[in-house]
Amino acid sequence: MNTTPSKTTTPSTTTPPAGTTDPAEGSADAVTEEAIAQDSLVKDPAPKDTTGTPSDAADSGTAPDDLAGQSDDDDDDDDALEPDPFDEARHGVGAGAAAVVSAALGVVALTGAWTGRVAAERETLIGQIQTSGGGSAAQQISEIYGDAWHTTALVNGVFAVLALLVGVFVLVRPAFGAPSERPQPTWVRAVALAGVALGVLGVLISAGMYFDLFVSLPTAGVPAGG
């Protein structure tokens, strides 16, 4: 009978020698590196290329369009800077027409119009009718000649005032309303000034005729032996 106790063997834990890694740890590191690589591929699917990137290609593709658009804008700016001949021709047409009307009215105020002549003849006829039943010589002169003379002066004065007002309006028009990019043409101002001058002269002459400042009405002489 064997009385020697039997030896029990315990699993010995062996320590790997220095400089070696555990296979389990190596496999875990490999899995981690593979996951990191996959994440990097998902975040940056397009690898960088030293010769150019997709954004550079897109920029190079749109560059000619940008240059074409800039050239079109430059052409539009040049067209805007060049004056339109039709606009130049239309500029000052209304003011020029008003200036010519002012000068024409001034000439009519000095030379007389058919309206003044007709009005004078009407006054002469009225005077003849009123003095047909009898009247003194002074009354006949006043009714037949004086009223016709004063009527002619009044009509000429109306034309002179109109010439003056229209000419002044043309001259002061640029100072009011919307400002214009171009100044008023010189010929328009010259004609308007002529209309104003003729209007002032016509007003003075008409006033002198109406109030008998230049010439007085004729007077009837006293009969001899009266």
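Keep in mind it's a predicted model, so treat the numbers as computed, not measured.

**Q** Looking at this model, I keep getting lost on the overall build of the protein chain. Mind explaining?
**A** Each helix and strand in the protein chain was counted, giving seven helices and zero strands. Helices (α) and strands (β) of the protein chain occur, in sequence order from the N terminus, as α-α-α-α-α-α-α. Going through the 226 residues of the protein chain one by one, you find that 18% of them count as buried. Taken as a whole, the protein chain presents about 16700 Å² of accessible surface, with 63% of it coming from carbon and sulfur.

**Q** Teacher, can you tell me more about helix α6 (residues 137-172) here?
**A** Since one α-helical turn is 3.6 residues long, residues separated by three or four positions face the same way. With 36 residues, α6 should reach 52 Å at 1.5 Å per residue; the first-to-last C-alpha distance of 51 Å fits that figure. Of all the bends in α6, the greatest measures close to 35° and is centred on G146.

**Q** Hey, could you run me through the nonpolar core in this one?
**A** Side chains of a nonpolar character, in soluble globular proteins, are inclined to be buried together. Of all hydrophobic cores here, the largest spans eight residues; its members are L105, A109, A113, A119, V155, F159, A160 and A163. For this core, the secondary structure elements donating two or more residues are α4 (93-111) and α6. It is α6 that provides the largest number of residues to this core, a total of four residues. Residues within four places of F159 in sequence aside, it is in contact with L105, V108, A109, A113 and T115.

**Q** Teacher, can you tell me more about the packing of α6 against helix α7 (residues 186-210) here?
**A** Remark: α6 packs on α7, axes separated minimally by 7 Å, with the N-to-C direction vectors making an angle of 155°. Taken together, the axes of α6 and α7 are roughly antiparallel relative to one another. In this structure, α6 meets α7 at a crossing whose hand is left-handed.

**Q** What exactly am I supposed to notice about helix α5 (residues 114-131) here?
**A** Between its first and last C-alpha, α5 extends 26 Å over 18 residues, near the 26 Å set by a 1.5 Å rise per residue. Those residues of α5 that sit buried are G116, A119, A120, E123, G127 and T131. Projected onto a plane normal to the axis of α5, the buried residues spread over an arc of 100° and lie on a single side. Opposite the buried face of α5, at more than 90 degrees from it, the exposed residues are W114, R117, E121, R122 and I129.

**Q** Quick question: what am I supposed to make of the packing of α5 against α6 here?
**A** When two helices pack together, their arrangement is captured by the angle between the axes and the distance separating the axes. In contact at an axis separation of 8 Å, α5 and α6 are set at 160° when each is read in the N-to-C sense. Judged by the angle between their axes, α5 and α6 are roughly antiparallel. Note on packing geometry: the crossing formed by α5 with α6 is right-handed. Within the contact between the two elements, α5 uses T115, G116, A119, A120, E123, T124, G127, Q128, Q130 and T131 and α6 uses Q139, Q140, E143, I144, D147, A148, T151, T152, V155 and F159. Its residues assigned to classes, the contact of α5 with α6 shows six nonpolar, 11 polar and three charged.

About the cut-offs
Residues numbered from 1 in each chain as written. Predicted model: local features only at pLDDT ≥ 70, side-chain atom pairs only at ≥ 80, totals over all residues. Heavy atoms only, no water. Helix = DSSP H or I, 4+ residues; strand = E, 2+ residues; numbered from the N terminus. Buried < 20%, exposed > 50% of the residue type's maximum accessible area, 1.4 Å probe, protein only. Areas by Shrake-Rupley, 256 points an atom, 1.4 Å probe, with all protein chains shown as cover. Expected span 1.5 Å × (residues − 1). Bend = angle between axes of the 7 residues up to and from the residue. Core = buried A, V, L, I, M, F, W, Y, C linked by side-chain atoms within 4.5 Å. Contact = heavy atoms within 4.5 Å. Axes fitted to C-alpha atoms, helices over the stretch in contact; angles between N-to-C directions. Parallel < 35°, antiparallel > 145°, perpendicular 65-115°, else oblique. Left-handed = near helix turned anticlockwise from the far one by under 90°. Arc of directions from axis to C-beta. Nonpolar A, V, L, I, M, F, W, Y, C, P; charged D, E, K, R; others polar.

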